[in-house]
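Chain by chain, the residues run as shown.
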Amino acid sequence: MDLSIIGSGYVGLVSGACFAEVGHNVICVDNDQRKVDALQAGRIPIYEPGLEEVVQRNVAAGRLRFTNSIEDGVDHSEVVFIAVPTPPQADGSVDLSYIERVAREIAAVLKPEQYRVVVDKSTVPVKTGDKVYETIKRYGKKGAEFDVVSNPEFLREGCAVDDLMHPDRIVIGSKSDRALALMKKLYEPFMAPILVTDINSAELIKHAANSFLALKISYINAVSAICEASGADVEKVADGIGMDKRIGRNFLNAGLGYGGSCFPKDIAAFIAISEQLGVPFTLLKEVERINQSQRERFLKSLRNTLWILRDKKIAVWGLTFKGDTDDIRSSVSIELIKDLIAEGAHVTAYDPKGMDNVRSFKLIPEAKLVNSALEAAQGAEALIIATEWHEFAKVDLNQLKETLHSPLVFDGRNLLDPVTMHHLGFQYHSIGRPGATKS
Ligand code: UDX
């Protein structure tokens, strides 16, 4: 099938590459000409495992191309996806101006004799589909034939290609049988279960799913605080409750809290949507509060040990919001480093993929960025592990002990083993685990 995707950000680019990979002809549209040129040449602006190969293979095969022209995309596609950003506003509500502009731009180039399915893939508040439909109707030519569909995306950064190629489910919200038939044909090669709903429900599924996952994380993080106060082990507790199939073990890893471009934004948006609809979802405010308190509790424990942070040399491993990505948006690590710097500490940090972004966005100019985990630890009075990169779990611990000024490790992602750390002579703190007493 022929399709186009407007917006070559994370979701648009990975979706476009994967649709091409299963044999569709894909045009990715973006208004940034430099990005379009780079992508057409096979250069990927983000670090995402496996993506570069898929893009290069499909560009070479002629199934994937990039353009800055919406008209080019709409003219040559039966299905037109919208995958532009929906950033948060100061009050947590969603800025839908990019979606609205793209709807008007699609309307301007729709030809009356061409039926098109316009699919919203961006994460949007419930009822946005109605607005997109009304906007295209208002600004389109008389007789333009189109339907609007909601098809939220559930990919995770760091494993986006795999998530897209093997989705748990595909959600299609549509009130048109004609549009639905085309959407089912488009997704047939993925051989995944398809859930068909009305448009409002499809839109709501995305916010409800992300909020539920964040709730799971905050739940186990709240349990981790109780574990610390009582001497229980949060990992054992998570295993024990996760073995119940109704609960499941995924997303029960206690740590410094969730970050990234989706959870913080989507939870705030869902709260704002519920308030606008007159049914405030107050449980989600507690989810946010617990998330924030994880970092505060961690800092308190650091202060309890180091006493005063001013002029202390502190090493931080990990700057991205999680492992296997170069994305530093709403990264808990960056917030933590800002807290340390505000208290006068000297921070030396290392991240396998995130340092270029940290440098270019100048988020923590006071922090010194170095080229390896051990170099960051050199002479530090404490080491903080802030992101769950596998690389950090493989560092030679004896060498680490020699490198640090004092063998003090605060593991914010429960990456290392407390018993090993104790045997090696580290003073080791992690999240919700009893440390040396673990058997
Ligand atoms: C998330 C959703 O998983 C995905 O379905 C949606 O499309 C976009 O938002 P992503 O933001 O890429 O994906 O990352 P995810 O793997 O979900 O992790 C989000 C945050 O939660 C990270 O900061 C991670 O460190 C944290 N996390 C995750 C935990 O603290 N504990 C866990 O058990 C799982």
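First, a word on scope: everything that follows refers to the structure included in this document. All values reported here derive from a predicted model rather than from experimental measurement.

1. A look at the side chain of Arg 295
Piece 1. One can find Arg 295 in helix 12 (residues 283–306).
Piece 2. A relative accessible area of 12% places Arg 295 in the buried class.

2. Details of the site of the ligand
Piece 1. Within the structure, the ligand sits among 19 residues, and Phe 154, Leu 155, Glu 157, Asn 253 and Lys 322 are positioned closest to it.
Piece 2. Separating an oxygen atom of the ligand from a backbone N or O atom of Phe 154 is a distance of 2.7 Å.
Piece 3. Backbone polar atom of Leu 252 to an oxygen atom of the ligand: 3.4 Å apart, as the coordinates give it.
Piece 4. In isolation the ligand exposes 660 Å². Once the protein is present, 93% of that is buried.
Piece 5. A breakdown of the residues in the shell around the ligand according to their chemical character gives nine nonpolar, three polar and seven charged.
Piece 6. Residues from two domains meet in the shell around the ligand; each of domain 1 (2–197) and domain 2 (213–429) gives at least three.

3. Description of empty space enclosed by the protein
Piece 1. Throughout the structure, instances matching the rule amount to one cavity of 30 Å³ or more.
Piece 2. Lining the largest cavity, in full, are Asp 120, Ser 122, Thr 123, Val 124, Ser 150, Asn 151, Pro 152, Glu 203 and Lys 206.
Piece 3. Looking at the lining of the largest cavity residue by residue, the class counts come to two nonpolar, four polar and three charged.

4. Describing the packing of aromatic side chains
Piece 1. If you walk through the whole model with that rule in mind, you get eleven aromatic pairs.
Piece 2. Where Tyr 258 meets Phe 263, the ring centres are 5.8 Å apart and the plane angle is 85 degrees; that geometry is what we call edge-to-face.
Piece 3. Owing to a relative accessible area of 7%, Tyr 258 belongs among the buried residues under this scheme.
Piece 4. Overall, the relative accessible area of 13% leaves Phe 263 in the buried class.
Piece 5. Taken together, the ring pairs connect Phe 19, Phe 81, Tyr 187 and Phe 190 into an aromatic cluster.
Piece 6. Positioned above the aromatic ring of Phe 154, the side-chain terminus of Arg 169 is 3.6 Å from the ring centre.

5. Quick look at the sheet that holds strand 9 (residues 313–317)
Within a sheet, adjacent strands bond to each other through the backbone by hydrogen bonds, running parallel or antiparallel.
Piece 1. Strand order across the open sheet formed by six strands is 11-10-9-12-13-14, with parallel pairing between neighbours. Looking at the sheet topology across the chains shown, the edges are occupied by strand 11 (368–369) and strand 14 (427–429).
Piece 2. Of the pairings in the sheet, the one linking strand 9 to strand 12 (residues 382–385) comprises four bridges and is parallel in character. Bridging from a neighbouring strand, Ala 315 pairs with Leu 383 of strand 12.
Piece 3. On top of the sheet, helix 12 reaches strand 9, strand 12, strand 13 (408–411) and strand 14; it is set at about 170 degrees to strand 13, its chief contact.

Definitions and cut-offs
- Residues numbered from 1 in each chain as written.
- Predicted model: local features only at pLDDT ≥ 70, side-chain atom pairs only at ≥ 80, totals over all residues.
- Heavy atoms only, no water.
- Helix = DSSP H or I, 4+ residues; strand = E, 2+ residues; numbered from the N terminus.
- Buried < 20%, exposed > 50% of the residue type's maximum accessible area, 1.4 Å probe, protein only.
- Near = heavy atom within 4 Å.
- Polar contact = N/O pair within 3.5 Å; in protein donor to acceptor, adjacent residues only side chain to side chain.
- Areas by Shrake-Rupley, 256 points an atom, 1.4 Å probe, with all protein chains shown as cover.
- Nonpolar A, V, L, I, M, F, W, Y, C, P; charged D, E, K, R; others polar.
- Domains from an automatic or database assignment.
- 1 Å grid on protein atoms, 1.4 Å probe; cavity = no way out; pocket = protein on both sides within 12 Å on 5 of 7 lines; lining within 4 Å.
- Points joined across faces, edges and corners; volume = space filled by probe spheres on them.
- Phe/Tyr/Trp six-rings, centres within 6.5 Å; stacked < 30°, edge-to-face > 60°.
- Lys NZ or Arg CZ within 6 Å of the ring centre and 35° of its normal.
- Pairing = 2+ DSSP bridges.
- Contact = heavy atoms within 4.5 Å.
- Axes fitted to C-alpha atoms, helices over the stretch in contact; angles between N-to-C directions.

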